[in-house]
Structures are given as C-alpha cells and as structure tokens.
Amino acid sequence: MKKFLIILIIIITCPIGVSGIEDIKPVKKVYLNEAVDAALKNNIDLKAARIEVEIAKNNIKTANKLQNPSVGAFYFMGAAGRSEPRQVGLSEDIEILKRSARKNLAASNLALVEKNVSYTKFDLKMDVREAYINLVAQKSILDTLEQQKELQEELLDIAEHRAKANEVPEIDVLQAEIALNQLITQVNTAKVNVNTALAGFNKIINDPDKVIYDSKDKLFSEENNFEEMLTPPPTYKFPQFSAILEKALENRYDVKIAKQEIDIAEKNLTVVARQRIPDISLTGGYAFKPGAYSDTGNFNNGAYAGASLVNIPLFYNYAPEIQNAALKVQQAELKYESVKNKAVKDVSAAYERFLTAGENLNYYEEKILKSSEKMIDMSMDSYEHGKSDITALIVMKQGYRSIIVGYTYALSEYYNSWTDFLRETNDEDFEFPENI
C-alpha cells in the first residue's frame, strides 16, 4: 500500500514528458575498464563504422562479377528473308585480366576499412579514458572544495566565538564570512563542472538505450588507485625513447593505414592499366531457314558461333588515367613518409609529457602536500589560541586550497599524459620493465 501511494504521488507531482517517470533513466556506476567495455558494446558510431566492413566485403563480390549475357534474335522479312536465315542466340563479353585486378583492389580496400575500424575502436577507448579521468578529476576538485567549505565554516564558528569573547575584532567574523561565501560559489561551479563532465562521459559512450553511466571512482586522492585507472605508478622505470619509437611505428594505425593506401594505389594502377587490354565478345546460337524460303524447298537449320575483339585502344589508350594512377602511387608514398615523420614527433612529445607529469606528481606527493598540511594545521591552531590574525590564516587556507586543487590537476595530468602516450604509441597493452 505504501509503495502504491509513493508511485501515485510521483505521478501526480511529476508530469509525464517534463520531469516525470518517463524521463527517469537508470544510472550505472562503472570502473574505467567497465566503461571501456560499455563503449565498445554500445557506442552507436562504432556500430556504424563496423557496417563499412560488410559493405567492403560485398564490394569484393561486385568486383569479381561476370558480365551478364545478352539475348538476340534476327528475323528477316521481305526479300531479305529469302536469302538470310532466321537466328536466335546469346552473346557474352569476356573481360581479359580485369576481374582479378578489380578483386585485388577491392580486397585491399577491405583491409583499409578494417584498419580504420580498428583505429576507431582504439580511439574510442582512449576517448573513454580521457572522459572518465576528467569526470573523476572534477569530482575530486568538488570534494576538496566541500572539505575546505566545512573547514571555513569551522573557522567562522571560531571567529564568532572569539569575537563574542572580545578576543578578536568583529572584522574577523566578516572576513571569515566573505571567505566562506567565496567558497560556496566555487563549490557551486564545481558541481556544474561535475555534471558537465558526466554529460561528456556519456556522450563518448553513446549508449542507444540512454543508460546514464557514472564513475565508481570518486577521488584521485586517498589510495591513488593507479591499477583501477589502468595507469602505472610514477615510480616505475620508463624505457628509453629509442626502444619505444620502433615499437610505436609498428603499432600506429595511421602508419598502417598510410601503408595500406600505397597498396590500394598500386592495385588501382593495375586496374587502370589493364583497361588497355581488349575484351572478347563471344556470340552463338541457333539459325534456321524454312523450306518456303529455301532454294531446295527443304527446312535447313544449324548453329552459329562468332568472336570479336572489343574495346581496342586504338583511338584512346587511357594514357591520362594511367598517368594519374601512377601519380596517386607517388602521392601515397609521400603521405606514408609524412605520417611516419609526424609520428616520431608525436611519440616524442607524448614521451616527454608523461615523464614530466610523473616528476611533478612525485614532487607534489613527496614535498608539497606534507609540508602544506602541516602548515595549515599549525596556522589553525595558532589562530585558535590567539597567536595569529585571521587574515594570515585565510591567506594560508587559500594557498593550501590552491595546492590541493593543483595536486588534483597534477594527478589528472599524469593519468591523461599516460592516455596520450598510449594514443600516440597505439599500444594499450604497453608493458613496463620490472619496478625499481
């Protein structure tokens, strides 16, 4: 009965189509690896990209097709009918060395489509990682600001208590209130940022069932679960750049795609060049002549067959098409070299970014955070016992807040730089040497 009353109240107070039951969507909390799996399973764009593979497979069948035959009949009338037989038969054009070339080109295009789909799939994984990290980062910042808000409320209580005891002037209370109100606005902005990050996260997953995905990880701080974030700890030894580069050039999808485009251009050149080869047209059928039209008065019949060369490159030899196809090969080769050169720069930049992010994170954890926590505790105790003024404490708290937020951004940068490194090496299973 209670459940029925609750449902009835919801129906009455929440109009359908505005903010009622129809708009309530299930929320599914996931870890990073679960979010990646959800995107691979549900992402609409990836499903659309996979259809291209089936289209490319059908194009191979199209390229390998035989020409359909033609049916012809000849019925001569008048005087011509007395000298020429009546005929019915078939004709078929036979392509010489063209079907195999088209089929090879279509197969090469299929390989390119498959590589593009694999690239799309890999890129989606990296996008999910970035969106997840951003969501957790915004949650971490919100949590930091909410904690600072609670501490500022405590400080306001202390200031009010000391002002009532005439230990400090009323201006201390005013300063504490201003600092608190400023924090409230920052908390409100942080909440909006969390909602925006959540929307961006679900936009990447792109679930057609409109399930709302949320991160199970709420904070970067506390245990720093690098394993759950699919990121190695910053204490791991990073390989030398030369060892990374060779493997990266082998794995990068853009390099593979550029190389495949050379193969397509070469096979297209073969297809175009073979247009110069004449085709054969075969004809055959049944011919007869009625006795009334025969000189002997007998019914005469039999078969006929013929062959001819068609599409002889006499007036036009396809030279411009062949030249353009050859230029496409050169163009593809240049693009391949360009992609490799750019890949070296991209991998190098990602390598340096990750190393720097790790150094900054270690510096925060080893030197900045511990000293800052100790400083703020001492400042709070000093003000509470009347050894310092509130202005200095508020300034220190603001500085401490900046340090905590900066640490969150340092963690976010570390996680994102690792994702960027994986994106540039195209190796999501990158292996480190033994931990030192």
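Because the structure is a prediction, the values reported are computed rather than measured.

## Considering the nonpolar core
Ranked by internal contacts, the top residues of the largest apolar core, which has 52 residues, are Phe201 and Phe421. Among the secondary structure elements, those contributing two or more residues to this core are helix H2 (32-42), helix H5 (99-164), helix H6 (171-205), helix H7 (241-251), helix H9 (319-384) and helix H10 (390-425). A total of 12 residues in this core trace back to one element, the largest contributor, which is H5. For Phe201, the residues in contact, after removing those within four places along its chain, are Val30, Ala35, Val128, Ala131, Tyr132, Leu135, Tyr213 and Asp214.

## Overview of H6
Over its 35 residues, H6 extends 51 Å from the first C-alpha to the last, a length consistent with the 51 Å expected when each residue adds 1.5 Å. Asn206 sits one or two positions beyond H6 and adopts a positive phi of about 55°.

## Observations regarding the packing of aromatic side chains
Here the structure, examined in full by the defined rule, presents 12 aromatic pairs. Judged by centre distance (5.7 Å) and plane angle (25°), the ring pair of Tyr286 and Phe288 falls under stacked. Residue Phe288 is classed as partly exposed on the basis of its relative accessible area of 24%. Taken together, the ring pairs connect Phe354, Tyr414, Tyr415, Trp418 and Phe421 into an aromatic cluster. Positioned above the aromatic ring of Tyr253 is the side chain of Lys256, whose terminal nitrogen or guanidinium carbon lies 5.3 Å from the ring centre.

## Points about the sheet that holds strand E5 (residues 279-289)
Two modes of strand pairing occur in sheets, parallel and antiparallel, and in both the strands are linked by backbone hydrogen bonds. Taken in spatial order, the 4 strands make up an open sheet running E2-E3-E5-E6, and their pairing is antiparallel. In this open sheet, the two strands that pair with only one neighbour each are strand E2 (70-74) and strand E6 (300-310). Recorded for the sheet is a direction-independent mean angle of 20° between the axes of neighbouring strands. Summarising the sheet, E5 and E6 pair through 11 bridges and their orientation is antiparallel. Note on E6: the bridge partner recorded for Leu282 is Ala307.

## Here we look at the side chain of Glu424
Checked against the element boundaries, Glu424 lands in helix H10. Apart from the residues lying within four places of it in its own chain, the contact partners of Glu424 are Arg252, Asp346, Val347 and Ala350.

## Focus on a negative patch on the surface
Taken together, the side chains of Glu146, Glu150, Glu154 and Asp157 make up a negatively charged region of the molecular surface. Turning to its location among the elements, Glu150 is positioned in helix H5.

## Some words on the packing of H2 against H5
Viewed as axis vectors pointing N to C, H2 and H5 meet at an angle of 140°, and their least axial separation amounts to 9 Å. Classified by the angle their axes make, H2 and H5 are oblique. Viewed along their axes, H2 and H5 form a crossing whose handedness is right-handed. Residues Leu32, Ala35, Val36, Ala39 and Leu40 of H2 touch H5, and the partners they reach there are Lys121, Leu124, Lys125, Val128, Arg129 and Tyr132. For the contact of H2 with H5, the residue count by class is 8 nonpolar, no polar and 3 charged.

Criteria and thresholds
Residues numbered from 1 in each chain as written. Predicted model: local features only at pLDDT ≥ 70, side-chain atom pairs only at ≥ 80, totals over all residues. Heavy atoms only, no water. Core = buried A, V, L, I, M, F, W, Y, C linked by side-chain atoms within 4.5 Å. Buried < 20%, exposed > 50% of the residue type's maximum accessible area, 1.4 Å probe, protein only. Helix = DSSP H or I, 4+ residues; strand = E, 2+ residues; numbered from the N terminus. Contact = heavy atoms within 4.5 Å. Expected span 1.5 Å × (residues − 1). Phe/Tyr/Trp six-rings, centres within 6.5 Å; stacked < 30°, edge-to-face > 60°. Lys NZ or Arg CZ within 6 Å of the ring centre and 35° of its normal. Pairing = 2+ DSSP bridges. Axes fitted to C-alpha atoms, helices over the stretch in contact; angles between N-to-C directions. Patch = residues over 30% accessible without salt bridge, like charges linked within 9 Å, V, L, I, M, F, W, Y side chains within 5 Å. Areas by Shrake-Rupley, 256 points an atom, 1.4 Å probe, with all protein chains shown as cover. Salt bridge = Lys/Arg side-chain N within 4 Å of Asp/Glu carboxyl O. Lys, Arg positive; Asp, Glu negative; His and termini not counted. Charge placed at Lys NZ, Arg CZ, Asp CG, Glu CD. Parallel < 35°, antiparallel > 145°, perpendicular 65-115°, else oblique. Left-handed = near helix turned anticlockwise from the far one by under 90°. Nonpolar A, V, L, I, M, F, W, Y, C, P; charged D, E, K, R; others polar.

So, to be careful, I would describe these as geometric facts and stop short of saying anything about function.
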